[in-house]
Amino acid sequence: MLSFLRLFFSKRYWRQISLGALWRQAGFSLRRAHKDPRARKFLLRLILLLLTPFLCVAYLVWLIGSGGVWLLVLAIPVVWWIRRNNRRNEPVRISLQPEPPATPLHEETPELRAYLAQMGLLYAVMLDRAGSEAFLRDKQLPPNVEIISRRTHIDLLRANGIWDNLAPSEREAVMIADGHWPSELIGRTNAGMEPLRLLRWILRLDFFLPLVGMESRPSYALAHEIVSEPGKFLDAKNLIDWNALNTARKAAQHYFYRCLAESVSRGYYEAKDEEAKKWAVGLARSLEGKQGEDLLIGSKLVSEVGPDELSQAVMLARARTNFLSWIERLYSGSAPLSLPFSFPSEPVPEPEAAVQPT
């Protein structure tokens, strides 16, 4: 019961149950519970999580009613004293430790945090402008309403030392008059939505990163929040730890391989050689229709989704894998904190159907 009490009074518990992504996944699981044991297991864990406050309250009421609460109050200092005494009497153990590596695997520096914060602010500005331009293309504004996105964004970039370090193409795009971005520029800029989502997670603004298949629809609100309060990025004190970063990159890569194999088996992409095609078709057939094993895109298996959903998942998984791989190189010092800033980062090549997991 003590573990339930600790959970109930932790920030992590309340943060977790307030996440929109948790409830979206709950909705997907409800639709799949009749055929997917993973969905049933998730729902059981969620029910237990939601029952925690009621269990804690019921336990405390029982303690008070039975008089046991006084025993609990007396037990706390006794347990503390015993644990403190055990630590004092614990024998000193000396063991040889291996030499630390010459180059640390993960070195979080103020320079790295500042670089990623400025990069994130640039992504936010460009996406906020894309959202404004998309709105202007679809809506007729009243005569007395003035759009000031361009002026606001330029002032923000200059105030934070980013303007002078912009690549020429980005500076030219920001300087275009409001309402005059072509559709191609809006579409190209929207490709930065996934990197911005990842930067929000890396800079610890968001504490939860949904899986590729559970990703919610892109929202310009993610960018506008940063433009309105740039300190959320610029004043970041911590970065995501290396293990979480590495796990997220591997999960995205796993999604990419699975969706790519499905695309090749359906003929959407052409394999480079017969060996690659054989691998893709074999993987797709081995998971086809297996409700408890195949990866999910929303509430459907990868083998069940349509071509548009599958293509979007391939692109999203590839973008996430590439961006997190670049962040890993920054962490390890094998990639420079290079200027000028460019948006989006290096263009992502088309998926190679011959790529196979190692």
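From a predicted model like this one, the values you see are computed outputs, not experimental measurements. (Residues numbered from 1 in each chain as written. Predicted model: local features only at pLDDT ≥ 70, side-chain atom pairs only at ≥ 80, totals over all residues. Heavy atoms only, no water.)

A. Fine view of the packing of helix H10 (residues 193–202) against helix H15 (residues 307–332). Close contact between H10 and H15 brings their axes to 10 Å; oriented N to C, the two are set at 45°. One element, H10, and the other, H15, form an angle in the oblique class. With respect to the hand of their crossing, H10 and H15 are arranged in right-handed fashion. Note on element contacts: H15 touches H10 through Leu316, Arg320, Phe323, Leu324, Ile327 and Tyr331, opposite Glu194, Pro195, Arg197, Leu198, Leu199, Trp201 and Ile202. Taken together, the residues of the contact of H10 with H15 break down into 10 nonpolar, no polar and 3 charged. (Axes fitted to C-alpha atoms, helices over the stretch in contact; angles between N-to-C directions. Helix = DSSP H or I, 4+ residues; strand = E, 2+ residues; numbered from the N terminus. Parallel < 35°, antiparallel > 145°, perpendicular 65-115°, else oblique. Left-handed = near helix turned anticlockwise from the far one by under 90°. Contact = heavy atoms within 4.5 Å. Nonpolar A, V, L, I, M, F, W, Y, C, P; charged D, E, K, R; others polar.)

B. How the structure looks around the confidence of the model for the protein. Averaged over every residue, the pLDDT of the protein is 79; the share at 70 or more is 72%. A low-confidence stretch, residues 88–105 (pLDDT under 50), is modelled with 5 contacts involving residues beyond four sequence positions or located in other chains. (pLDDT = per-residue confidence, 0-100.)

C. Just the environment of Tyr220, in detail. Looking at the element boundaries, Tyr220 is found in the loop between H10 and helix H11 (221–228). Sequence separation of Tyr220 and Arg129 is 91 residues, and the distance between their C-alpha atoms is 9.2 Å. Apart from the residues lying within four places of it in its own chain, the contact partners of Tyr220 are Leu127, Ala130, Gly131, Ala134, Ile186, Asn190 and Met193.

D. Representation of the pattern of salt bridges in the model. For the structure shown, the criterion picks out 12 salt bridges. For Arg200, the salt bridge goes to Glu225, with nearest N and O atoms at 2.9 Å. One end of the pair, Arg200, is in helix H10; the other, Glu225, is in helix H11, with 25 residues separating them in the sequence. The exposure class assigned to Arg200 is buried, which follows from its relative accessible area of 4%. (Salt bridge = Lys/Arg side-chain N within 4 Å of Asp/Glu carboxyl O. Buried < 20%, exposed > 50% of the residue type's maximum accessible area, 1.4 Å probe, protein only.)

E. Broad picture of the packing of aromatic side chains. Scanning all chains against the criterion turns up 6 aromatic pairs. Arranged with centres 6.3 Å apart and planes meeting at 45°, the rings of Trp242 and Tyr331 form a pair that is tilted. On the criterion of sequence distance, the pair formed by Trp242 in helix H13 (residues 242–266) and Tyr331 in helix H15 is long-range, its members being 89 residues apart. The exposure classification of Trp242 matches that of Tyr331, with both residues buried. Each member of the aromatic cluster is reached from another via a ring pair, and the members are Tyr115, Tyr123, Phe323 and Trp326. The lysine or arginine in question, Arg171, covers the ring of Trp163, its NZ or CZ lying 5.7 Å from the ring centre. (Phe/Tyr/Trp six-rings, centres within 6.5 Å; stacked < 30°, edge-to-face > 60°. Lys NZ or Arg CZ within 6 Å of the ring centre and 35° of its normal.)

F. Representation of the environment of Ser29 within the structure. The topology assignment puts Ser29 in helix H3 (residues 20–32). Not counting chain neighbours up to four residues away, the residues in contact with Ser29 comprise Ala39, Phe42 and Leu43.

G. Layout of H11. Those residues of H11 that fall on the buried side of the exposure criterion are Leu222, Ala223, Ile226 and Val227. Looking straight down H11, one finds its buried side chains confined to an arc of 135°; they lie on one side. Looking at the buried residues of H11, the elements they touch are helix H6 (110–138), helix H7 (149–159), H10 and helix H12 (231–234). (Arc of directions from axis to C-beta.)

H. Spatial organisation of the packing of H6 against helix H9 (residues 183–190). Look at H6 against H9: their axes get within 9 Å of each other, and the N-to-C directions meet at 140°. In terms of axis orientation, H6 runs oblique to H9. As H6 runs across H9, the sense of the crossing is left-handed. Here H6 contributes Met126, Leu127, Ala130, Glu133, Ala134 and Arg137 to the contact with H9, which in turn contributes Ser183, Ile186, Thr189 and Asn190. The residue inventory of the contact of H6 with H9, partitioned by class, reads 5 nonpolar, 3 polar and 2 charged.

I. Focus on a nonpolar patch on the surface. Judged by side-chain polarity, Leu44, Ile47 and Leu51 come together as a nonpolar surface patch covering roughly 290 Å² of accessible area. Along the chain, the position of Leu51 falls in helix H4 (residues 37–66). (Patch = residues over 30% accessible without salt bridge, like charges linked within 9 Å, V, L, I, M, F, W, Y side chains within 5 Å. Areas by Shrake-Rupley, 256 points an atom, 1.4 Å probe, with all protein chains shown as cover.)

J. Quick look at the nonpolar core. Counting residues in hydrophobic clusters, the biggest one holds 52 residues, and the most contacted among them are Leu116, Ile202, Ile327 and Tyr331. The dominant element in this core, judged by the number of residues it contributes, is H6, at 13 residues. In contact with Ile202, not counting residues within four places along its chain, are Leu116, Asn238, Leu239, Ile240, Leu324, Ile327 and Tyr331. In this structure, Ala280, Leu310, Val314 and Ala317 belong to the second largest nonpolar core, which totals 22 residues. (Core = buried A, V, L, I, M, F, W, Y, C linked by side-chain atoms within 4.5 Å.)

K. Examining the environment of Tyr257 more closely. Note that Tyr257 resides in helix H13. On the accessibility criterion, Tyr257 (13% relative accessible area) is buried. In this structure the C-alpha to C-alpha distance between Tyr257 and Ala280, which are 23 residues apart in sequence, comes to 8.7 Å.

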